[in-house]
Amino acid sequence: MIKVGLIADTHSYLDPQVLEYFEDRDEIWHAGDFGTIEIADTLSDIAPLTGVYGNIDGQDIRQEYPLHQRFTRDGINFWMTHIGGTLGRYCIPIRDEIEKNPPDVFICGHSHILKIGRDQEKDRMLFINPGAAGRYGFQVYRTCVRFSIDGGKIQDVEVINLGKKGEG
């Protein structure tokens, strides 16, 4: 079993609660807009970090983390990027790549809108946007997600509410 903590859109703020929620994770994934390289460093001190850069991230982050990550865990094909659109309404050229080479799970951030669902038109591809964990943006609540991968299946998906945007 692989326990994953998924976060996005920290925008230079890492809520101390995240450290507690992710302390038992085997891996942490960040779907872009870290804000500072210190966020990445702090998360990677907890567990190995896989990330992508977002539109606000500077060259220090872009040198460490690519625009897209395609990887496999326990037989599941993942694609993580920052700007991907939303369930069933993917950005171009994301849409074209999903048509040609769909992942089992597509992860993105950017919108600050928490959304988890299956795309029935894309072979039930799982879509995950963990929402925004930082203080910046129009979201009401700061969120992140954790889940497990076991036997080639996503399990124990949990949305973590870190509090209202101005709290923390």
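Some remarks on a nonpolar patch on the surface
On the surface, Leu114, Ile116, Val157 and Val159 cluster together to form a nonpolar patch covering roughly 280 Å² of accessible area. By the element assignment, Val157 lies in strand S12 (residues 153–164).

Considerations on the sheet that holds strand S2 (residues 27–30)
Hydrogen bonds along the backbone pair up the strands of a sheet, which may run parallel or antiparallel. With mixed pairing, five strands are arranged side by side in an open sheet as S3-S2-S1-S11-S12. Each edge of the open sheet is held by one strand with a lone partner, namely strand S3 (49–51) and S12. The mean angle between the axes of side-by-side strands here comes to 20°, regardless of whether they run parallel or antiparallel. Pairing geometry for S2 and S3, over three bridges, is parallel.

Remarks on the pattern of salt bridges
Side chains bearing opposite charge may pair, as long as their charged atoms lie close to each other. All chains considered together, the criterion is met by seven salt bridges. Asp24 serves as the salt-bridge partner of Lys3, at 3.8 Å between the closest nitrogen and oxygen. Of this pair, Lys3 sits in strand S1 (residues 2–7) while Asp24 sits in the loop between helix H1 (16–21) and S2, and the two are 21 residues apart along the sequence. We classify Lys3 as partly exposed; its relative accessible area is 26%. Using a relative accessible area of 34% as the deciding quantity, one classes Asp24 as partly exposed. Residue Glu97 pairs with Arg70 through a salt bridge whose shortest N-O separation is 3.8 Å. Remark: Arg70 occurs in strand S4 (residues 68–73) and Glu97 occurs in helix H4 (residues 94–100); sequence separation between them is 27 residues. Among the charged side chains, a network of salt bridges with common partners joins Lys3, Asp24 and Arg25.

Cut-offs used in this document
Here the residue numbers are simple positions, counted from 1 along each chain's written sequence. Where local features are concerned, this predicted model is filtered to residues with pLDDT of at least 70; where side-chain atom pairs are given and counted, the filter is 80 or more; whole-chain, interface and lining totals use all residues. The basis for the side-chain values is all heavy atoms of the structure; hydrogens and waters are excluded. Distance thresholds for patches are 9 Å for like charges and 5 Å for nonpolar side chains (Val, Leu, Ile, Met, Phe, Trp, Tyr), applied to residues having over 30% relative accessible area and no salt bridge. The Shrake-Rupley method, run with a 1.4 Å probe, gives the accessible areas here. Residue values count only the displayed protein chains as cover. Whenever a carboxyl oxygen of Asp or Glu lies within 4 Å of a side-chain nitrogen of Lys or Arg, that contact is scored as a salt bridge. Only DSSP runs of H or I covering at least 4 residues are called helices, and only runs of E covering at least 2 are called strands; the numbering of each starts at the N terminus. By definition, two strands form a pair when at least two bridges between them are found by DSSP. Axis lines are fitted to C-alpha atoms, over the contacting stretch for helices. Their N-to-C directions set the angle, which ranges from 0 to 180 degrees. The buried label goes to any residue with under 20% of its type's maximum accessible area, the exposed label to any with over 50%, and the partly exposed label to all in between, with areas taken from a 1.4 Å probe on protein chains only.

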